[in-house]
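Here are the chains, one letter per residue:
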Amino acid sequence: MLKNDPVALIREKALWMRRTAFTMVHRARAGHPGGDFSATDIMATLYFGVMKYDAKRPDWADRDRFIMSKGHATGALYSALAAAGYFPEDWLPTYMQPRSLLNGHPNRNYLPGIETNTGPLGHGFPVAVGIAIAGQLTGASYRTYVLTGDGEQQEGSNWEAAMLSGHRKLVNLTLIIDRNRLQQGTGTEETSGLDPLDEKYRAFGWEVVEVDGHDPAALLAVLGAAPGDKPRCVIANTVKGKGVSFMENVASWHHGVPNDDQYAQAMKELV
Amino acid sequence: MAHAAPVAAGMADCREAWVKTLIEVAEADPRVVCVVNDSVGSSKLNAFQKQFPDRLINVGIAEQLMVGVGAGLANGGKVPFVSAASCFLTSRSLEQVKADVAYANFNVKLVGQSSGIAYGELGATHHSIEDFAWLRPLTTITTIVPADPWETAEAVKWAAAHEGPVYLRLSRMPVPNLDVPDRKFQPGKAEVVRQGDDVTIIACGTTVHLAVQAADALKAEGIAARVLNFSTINPLDEAALHAAAATGAIVTVEEAGVRGGLGGAVSEFTAANTPVPVEKVGFPGFLPTGSTEWLFKEFGLSPEGIADAARRALARKKG
């Protein structure tokens, strides 16, 4: 039934991912749940509605690539990869435990399905550009999707990557910006303002689309669209902490850890 | 560029061997590509670009992007040689070298051009004498410092075939081919260039031929100096260091800072395992204005300076 209703499938996976990620953070007493939740619907859409991959063959040369440039959002990433079948769900409770393969930031040498090691911001986008260039050189059919935070756009390396992508017309590359408007301590616009982000990317030679980052139908339409004649930048307007009333739009949930009451409350809401 | 030093007879710029060999490996392996930061000319890559225009990816003056793109190309199945002046490659993009190449363990070949003090009077911003200290803790990267054109060619061939991150530290200073019979390139193994048991001179890169001249001068004084071409900085050839310590006195020579470089590595190892006097020839820190040739002589990177260091080490030798 779900197979015939892609939006319902994505919603179901996203709900499971949020519950799973929050459980991981609660158990580990560490993590970045605010950014996990702003990115969850985007990732559920990619893994369960858009990307071409085979979890049994993580090295398949023609797989679509997803690069989590905001590498701290491992609650969202690991829950997505487990849901997609890259590794067993019973690995998830080891999140951040001694010698776990589920490090606080992703390591491609530990887990299948991780394309590159991220954590320091501004790294994933340049690596994604390299992957896209490799595809361009060989005429491969795979597409590359990279997700950055919006605060992460303050890192200069992103603009090096943006400039070259526009110059080389990397149509096989999609940049998704998780535009929750909050960075670790406060709002992006109070810190070093990003707006107008759309005009900046257009000036760098990109096609820019804005979308509600929590609307699977809208995300499916935008992320699943055929390549155009420029690299595509998707500004996904999101809510940090989306789905849990007391976390939404509260900057301190960037790396907040729930107490037992908060955890119970969140589980009641995430249904 | 700043230096167009005349090349004396028998001396060669190793970049010629670099690009000639790179073209050979690229002809044999379509996965081989080059990534540069507007450094086509200084990397001597014009001939490569002419032959493989699509396989020369110029990212512009953007070193962070350059190294990240290298990692991405490796993810996409390519064998990227990321070539740039080593001062920028290893410092501007050090976090990318650490996270995207070393930690992610991608099959990327970092090629540091015009390393050490090749840019002489251009000053400390353009010197790359800290790179050993920065890269030595990144243990997944094999670091090779070829001593001459022959070894440069061998190292490029080896790097292309090896699966894993490599840092090739090349120079533009003309050097002669070392006179060693039956040479065989073995990464991770020091090459014995001169036999001797009184003192061991451990050198790398542009300084090895100077160490040979020092050993020849010492021989006239009755001192038998062993000379090692220690071209692999990481991983260290521990057996060669044990054997060097057994001579009772060591001199290290490098076109690099002595803190954290080859001398630092040798000192760490011997202090922990087989304590022995170590005299370090290299640079103490930021250098005054001067040409490459002047700076070499001023800081003792000369046959005379190295021989003096050997005498100092011998004076400290026990028994």
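Remember, predicted model here, so these are calculated numbers, not experimental data.

**Q** Kindly report on the sheet that holds strand E5 (residues 109–113) of chain B, identifying the contributing residues and their values.
**A** Residues and elements named next belong to chain B. One open sheet holds the seven strands; their spatial order is E3-E2-E4-E5-E7-E6-E12, and the pairing between them is mixed. Looking at strand neighbours, the two that pair on one side only are strand E3 (56–58) and strand E12 (232–234), the edges of this open sheet. Here the average twist between neighbouring strands, direction ignored, is 20 degrees. The pairing of strand E6 (residues 142–144) with strand E7 (residues 166–169) spans three bridges and is classified as parallel.

**Q** Please give an account of the layout of surface pockets that cites residues and values.
**A** Of the voids in this model, the largest pocket is the one considered here, and its volume is about 450 Å³. Along the walls of the largest pocket sit 27 residues, with Asp59, Arg63 and Arg108 of chain A together with Ala74 and Asn75 of chain B positioned nearest its centre. Contributing elements (two or more residues each) for the lining of the largest pocket: helix H4 (124–138) of chain A together with helix H3 (63–75) of chain B. Counting residues per element, the lining of the largest pocket draws most heavily on H4 of chain A, which supplies three residues.

**Q** Can you tell me about empty space enclosed by the protein, naming the residues and giving the values?
**A** All names here are of chain B. Scanning the entire structure with this criterion turns up three cavities of 30 Å³ or more. Within this model, the largest cavity holds a volume of roughly 80 Å³. Forming the boundary of the largest cavity are 15 residues, of which Pro146, Leu170, Ser171, Gly205 and Thr206 lie nearest the centre. Looking at the lining of the largest cavity residue by residue, the classes come out as seven nonpolar, five polar and three charged. Split by domain, the residues of the lining of the largest cavity number at least three in each of domain 1 (12–176) and domain 2 (191–316).

**Q** Can you lay out the packing of aromatic side chains for me, pointing to particular residues and giving the numbers?
**A** If you walk through the whole model with that rule in mind, you get 16 aromatic pairs over all chains. With a centroid separation of 6.1 Å and an interplanar angle of 50 degrees, the aromatic rings of Trp18 of chain B and Phe81 of chain B are classed as tilted. Here the residue Trp18 of chain B occupies a position in helix H1 (residues 14–28), and Phe81 of chain B occupies one in strand E4 (residues 79–85), the gap between them amounting to 63 residues. When sorted by exposure, Trp18 of chain B lands in the same class as Phe81 of chain B, which is buried. Taken together, the ring pairs connect Phe22, Phe37, Phe246, Trp253 and Tyr263 of chain A into an aromatic cluster. Between Arg108 of chain A and the ring centre of Phe106 of chain B, over which it is positioned, the NZ or CZ distance is 3.7 Å.

**Q** Help me get a handle on the interface of chain A and chain B, residues and values and all.
**A** The interface of chain A with chain B comprises 26 residues on the first partner and 25 residues on the second. Overall, the association of chain A and chain B removes approximately 2100 Å² of surface from exposure, summing both partners, and the carbon and sulfur fraction of that is 56%. When residues of chain A are sorted by the area they lose upon contact with chain B, His123, Leu137 and Glu160 of chain A head the list and together hold 26% of the total. The tally of links between chain A and chain B comes to 11 residue pairs in polar contact (both at pLDDT 80 or more).

**Q** How would you explain the pairing of strand E10 (residues 199–203) of chain B if you had to name every residue and give the values?
**A** Residue and element names in this part refer to chain B. Most of E10 sits out of view: five of its five residues are buried. The side-chain alternation of E10 yields two buried faces, one formed by Val199, Ile201 and Ala203 and the other by Thr200 and Ile202. Each parallel crossover has a hand, and the one from E10 via helix H8 (residues 208–220) to strand E11 (residues 225–229) is right-handed. Bridge count for E10 against strand E13 (residues 250–257) is four bridges, and the pairing is parallel. The partner of Ala203 across the bridge, within E13, is Val253.

**Q** Tell me about the sheet that holds strand E9 (residues 191–194) of chain B, and name the residues and values.
**A** Residue and element names in this part refer to chain B. Across the sheet, five strands lie side by side as E9-E11-E10-E13-E14; this open sheet has mixed pairing. Strands with a single pairing partner mark the edges of an open sheet, and in this sheet they are E9 and strand E14 (278–283). Across the sheet, the axes of successive neighbouring strands diverge by a mean angle of 25 degrees, strand direction being ignored. In this structure, E13 lies alongside E14, joined through five bridges in parallel fashion. When the sheet's bridge partners are listed, Val253 is paired in E14 with Val281. In the packing of H8 onto the sheet, the strands contacted are E9, E10 and E11, and the crossing angle to E11 comes to about 170 degrees.

Definitions and cut-offs
Residues numbered from 1 in each chain as written. Chains lettered and ligands numbered in written order. Predicted model: local features only at pLDDT ≥ 70, side-chain atom pairs only at ≥ 80, totals over all residues. Heavy atoms only, no water. Pairing = 2+ DSSP bridges. Helix = DSSP H or I, 4+ residues; strand = E, 2+ residues; numbered from the N terminus. Axes fitted to C-alpha atoms, helices over the stretch in contact; angles between N-to-C directions. 1 Å grid on protein atoms, 1.4 Å probe; cavity = no way out; pocket = protein on both sides within 12 Å on 5 of 7 lines; lining within 4 Å. Points joined across faces, edges and corners; volume = space filled by probe spheres on them. Nonpolar A, V, L, I, M, F, W, Y, C, P; charged D, E, K, R; others polar. Domains from an automatic or database assignment. Phe/Tyr/Trp six-rings, centres within 6.5 Å; stacked < 30°, edge-to-face > 60°. Buried < 20%, exposed > 50% of the residue type's maximum accessible area, 1.4 Å probe, protein only. Lys NZ or Arg CZ within 6 Å of the ring centre and 35° of its normal. Contact = heavy atoms within 4.5 Å. Buried area = accessible area lost by both parts, 1.4 Å probe. Polar contact = N/O pair within 3.5 Å; in protein donor to acceptor, adjacent residues only side chain to side chain. Right-handed = clockwise from strand over helix to strand, strands pointing away.

Coordinates in, geometry out; function isn't part of it.
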